[in-house]
Every structure is written in structure tokens, then in C-alpha cells.
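Observations on the three-dimensional arrangement
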Amino acid sequence: MSGTCEPMMTSNQTLFSYVLRLADDHLILSQRLGEWCGEAPTLEEDLALANIALDLIGQARALYAYAGQVEGKGRDEDQLAFMRYERDYQNLLITEQPNGDFAHTIVRQFFISAYMDPFWRRMEGSKDDMLAAIAAKASKEVTYHLRHTSEWVIRLGDGTRESHERMVEALDDLMMFTGELFEMDAVAQEMLQSGVGVDASDLKAEWQHTVQTILQEATLELPKAGHMQTGGRMGRHSEHLGHILSELQYMQRSFPGLTW
Amino acid sequence: MYSQGLIGADGKTHEDAAFLAAFQARIDAEQKIEPNDPMPEGYRKTLVRQISQHAHSEIIGMQPEGNWISRAPTLRRKAALLAKVQDEGGHGLYLYSAAETLGVSREEMTEQLLSGAAKYSSIFNYPALTWADIGAIGWLVDGAAIMNQIVLCRCSYGPYARAMIRICKEESFHQRQGYEIMIALCNGSEEQKELAQDALNRFWWPSLMMFGPPEGESVHSNQSMIWKIKRFSNDDLRDKFINASVPQAEKLGLTIPDPDLKWNEAKQGYDHGEIDWDEFWRVVKGDGICNRERLKNRRRVDRDGAWVREAAMAHAQKRAARTASARIAAE
């Protein structure tokens, strides 16, 4: 720990920002998955998607609570989750993309899980004890998410002609949001250098290997990487986020400051 | 959650008197009837109808509460609500499985739900309008369901009784969770208390209706009692529910919306006002505000998911074929 006040402040702010963006990823994705409740193609899948959503909410809660603690301004998990403006959310763009059909939801979850799986495993070695502890729990959960979505990618890719076509479309639609997963901005760099964060750019090879292995079994191909969308980490979102927030924040905005 | 008293037993059987007497002797000796045991056709039909109706209620019941998952006021409430609605899906699964032991498939039962031939608990045709409704549904609707279900844990049909034991444990957790939402509201601001009272006003009477019409009007109830599928009358269970709920409302500082509700010292229980059975039958017969929507949603979900189920089947067949040809090649 630094001996002077100034770098300590900066470092805390960076850590806050780093934890908060991770929390946002998990909250927004869980909000999307929650929309599936009661709507899945089979009852078993309804339970499975709810399980994944619950894991993500749990991870988001742990991260928001920690972010609030790091920030030190008395904001709790709910104030951070519900009481910020659209430009203040720093989630990855892929997490806010609409559920679409089941193929889109599965591809979105598969892309993210194939990234979060090595991400959390590396985070287990973080110098930050809290992040390492959150990672230890999350990495077990995401292993299941990756397995579950991989199985569906294979079934749907190598299922019927219709399911194959739907998967091709979903892969095409979501591919442009995958570049952002591996970006390293100043916050991420600083966290990496201090031994707290993960080198996201270094996860790309493993991600590609995981994704391509499964897609091959599914008789599918990873689309060519064209222009990659970016902006989530700077609060520049797609139009979808505003609608997510207007539902998510409805109660807290309508009845500010109350206990539920 | 929610088997309700409107289910009647089908007493028609073609079995001879000796068979029926032997069956009844097992029931009277409190022996559990298991899937492969001989049973009267009427007993089987009654159970299939009751268990599938119960399963359908769980599935349709996911809708009113699912309506609030995206808007739950805190992360803790969101997680608890999602877990609760997920439990309901799980209850639907165990119950469909219990019914399948009687020789009917999940697909057939689903078809009956989607075509409107099978009923589900009418309480889910009432809308969940505010967050307080999530509290009231947990407290009252799950509370009423538990009154029915505790008794079903001793139902004469083994698979149903065993499914109910697990379901009851989860339901009583849901009920406490709902009541805890009500406590938070009633300890809160004036507007929160108003939300709580309004939810109680709207859900009180429909919750009482969940026990079904009084015995005189519930035609086949008697046969269900003899077969020990059912063990208490609708009115007895309703009274138990009222007696348990009134002090809970008092503790919350809420008023039960029944001006005729009063303590009856002689029966050591509450007397209640007239239940609007016209409303009950109107909603059961399809004219509640949500009936059409609930079924249309289920049909849409079924339709939208068809390609996924077909793909899963096609993939499983391809796999099996590949495994088989690999085995032949190896031989």
C-alpha cells in the first residue's frame, strides 16, 4: 500500500471503477436472462436459465457491495445498482443486447461464459483478497454456464436446418460485440499492473479456442471478425440499455429512499 | 402451489364389488397406493386430473409473479423472487412426473392446458399490479395453498404425497418471504402501507375462493374424501386459513376487507362475510381479466420453443445414429 494519500485515492478510484464495471456486466446480463423466466422452450430450460440468472445476480451483489466499500461514500449495492444514470453504467455492450430468439440468448451467454471462465480463473490469483474470493465462487458457477451453453450450441448447430440457420444468424449478429471483451483501457491496465486485475487481451486466444472447438462440433463457424463495436466501458451504449434501466430502476425511481 | 377444492372425483368405475372393497380396505388401513398397484379407474382419473391441474397451476402461476422480476425494488428481492418463480417451475416438473406415474404423458397434459380443456387455479387470473401484490401473493395465496397441501402430504397416492412433502417445504418458505415483504411495507412510509392495504383488499377474497365452493356445491368431493385423496372439507380448510391469517393481518396493522368478519367464541374461530361465488365461477369459466392472456402466453411460449425442441430431438437422433454406426464399424 502506498505511503501517501494521493496515489491511494487514485488507486481506490480505479479499483472502484474496475469492480463497478464488472458488477454492471453481471447485473445487466442477469436482467436480460430474468426476462426468460416462464418463457423458455422447455420447463427444464426455464429452471436452467433462472439458475444462471441467479448466479449472475449473486455475483453482481457481491461486486456492488465491494465497490461501495471501496468507494467509501456509504453507497450500498442497491444504490449502485439502481440509482445511476444511463451513461454511468459501464457494462459490456454484449450484455445488454436483446434476448432475441433462444439461439441469440444461447450465443450471447456462450460468448460471455467462454470469456468469463478464464477471466475468473485468473482473478482467483488477484492480490485483492475480496476479488479473489468472489472469483473463487464465480469460477465454479461459470464453468457450469459454459458447459450448459456449449451443449445447446452443439444441439442447435447440429440439430435441424432451421436451428442451424438461426444459430448462424445469432453468431453473425453478436460477433461484433466480442471485440470489447478483450479491450484493456487505462483502468484495466492500472489494475493489471498492480496485480489486482486480469489481462483481458491475453484471454483472446483461449476464448477463440474454446469457441471454435464447440462451434466445430456444432457444424458452425465463427464469423469473420469485422468492425468491433465498443463504448460500454465509457458509458456509450446501444439504445437497449435505457429500456432495461427504465424497468430495473422503476421502483427505486418512483419511491426514492424507501426500504423494501 | 395450488391444488384447489373445485376438483371433483370421478366415481365411475367398472370394477366389481370385491375389487373395490379390497381397494377401499387398503385405503382405510392408510396404505399408500403405488403406481403399479391395481386401482379403480375413477381413482386414477381423479388423481390425473387433480395432479395435472396442480402442475398447470404452478406453470401458469409463474406469470403474475414473473411480471415483477425485472422491476423488483432491490437486488435481494429480485434474487428471491426469481428463485421463487423458479421453484414454481420445479414444482410443475415434480407434479407432471407424479402424474406420469399414472400413465399420462407431460405432452398430453400440456396439450390439455393449451387447448383450455384442463383447468388451473383461478387465482392466477388475477393481475399482479404493484410490488405489494408480490407480498400479498406470497402471504395469502401461498398461505392458502399450504393449507390445502399440508393435507396432501398424507394423500393416499404415494408419488403425489411424496412430491407434496418437498413442495410444502418450499411453499412455506415462499409464504414467509411474502409476509416479510408485507412487514417491510407496513414498517415503511404511508404510501408503502397504502400499497400493502390495497394488495390485501384485492387478494383477500380471491384467496378465500381458492379453497373452492362449499361442500354442498362441490359435487364429487365426497368420493375424494372416501379415497383419502382429500381429507378435509373446503370450508374447514378455508376456516383454518382465515383463523391463521387474521392475526397476521393485525400484526401488520392492516384491515381485512370484510366488514362481517368477527370472532365467534363458541366455535373458537372467525365468522366471515358472504363470498361472491358468482365472481368465482365467472373467473373459473374464463372471464377474469387475465384468463385469455395467461393461456395465450403459454401457447406463444410453446410455439416459440417448438423449433428448439425439434432441434434437440434431431440432434439426439443424429448422435444415437453416429454411436450405433461407430459400434458397427468397430465390430
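Residues numbered from 1 in each chain as written. Chains lettered and ligands numbered in written order. Predicted model: local features only at pLDDT ≥ 70, side-chain atom pairs only at ≥ 80, totals over all residues. Heavy atoms only, no water.

1. So, the interface of chain A and chain B
Chain A puts 47 residues into the contact, and the matching count from chain B is 46 residues. Applying the counting criterion to the chain A and chain B interface returns five salt bridges. In this structure, the connection of chain A to chain B is made through 18 residue pairs in polar contact (both at pLDDT 80 or more). Those elements that place two or more of their residues in the side of chain A that touches chain B are helix 1 (5-34), helix 2 (43-71), helix 3 (77-82), helix 5 (102-123), helix 6 (129-157), helix 7 (161-175), helix 10 (240-248) and helix 11 (250-254) of chain A. (Contact = heavy atoms within 4.5 Å. Salt bridge = Lys/Arg side-chain N within 4 Å of Asp/Glu carboxyl O. Polar contact = N/O pair within 3.5 Å; in protein donor to acceptor, adjacent residues only side chain to side chain. Helix = DSSP H or I, 4+ residues; strand = E, 2+ residues; numbered from the N terminus.)

2. Digging into the pattern of salt bridges
Evaluated as defined, the whole model comprises 37 salt bridges over all chains. Residue Glu206(A) pairs with Arg121(A) through a salt bridge whose shortest N-O separation is 3.0 Å. Note that Glu206(A) is positioned in helix 9 (residues 204-217) and Arg121(A) in helix 5, a separation of 85 residues in sequence. The partly exposed category is assigned to Glu206(A), whose relative accessible area is 29%. Here Glu180(B) makes a salt bridge to Arg76(B), at a shortest N to O gap of 3.0 Å. Taken together, the residues Glu180(B) in helix 7 (residues 158-186) and Arg76(B) in helix 4 (residues 75-100) connect sequence positions 104 residues apart. Given a relative accessible area of 32%, Glu180(B) falls into the partly exposed group. You can call Arg76(B) partly exposed: its relative accessible area is 40%. Three or more residues joined by partner-sharing salt bridges are found here, namely Glu65(B), Lys84(B), Glu88(B) and Asp142(B). (Buried < 20%, exposed > 50% of the residue type's maximum accessible area, 1.4 Å probe, protein only.)

3. A closer look at the state of the cysteines
If you walk through the whole model with that rule in mind, you get zero disulfides over all chains. Here Cys290(B) stays unpaired: no disulfide links it, and the sulfur of Cys37(A), its closest cysteine neighbor, is 17 Å away. Owing to a relative accessible area of 5%, Cys290(B) belongs among the buried residues under this scheme. (Disulfide = S-S within 2.5 Å.)

4. A look at the packing of helix 2 of chain A against helix 5 of chain A
Residues and elements named next belong to chain A. The N-to-C vectors of helix 2 and helix 5 enclose an angle of 45°; their axes lie 13 Å apart at closest approach. Taken together, helix 2 and helix 5 sit at an angle that is classed as oblique. Seen from above, helix 2 lies across helix 5 with left-handed handedness. Along the contact surface, helix 2 presents Glu45, Leu49, Ile52, Leu56, Gln59 and Leu63, while helix 5 presents Phe102, Ile106, Gln109 and Trp120. For the contact of helix 2 with helix 5, the residue count by class is seven nonpolar, two polar and one charged. (Axes fitted to C-alpha atoms, helices over the stretch in contact; angles between N-to-C directions. Parallel < 35°, antiparallel > 145°, perpendicular 65-115°, else oblique. Left-handed = near helix turned anticlockwise from the far one by under 90°. Nonpolar A, V, L, I, M, F, W, Y, C, P; charged D, E, K, R; others polar.)

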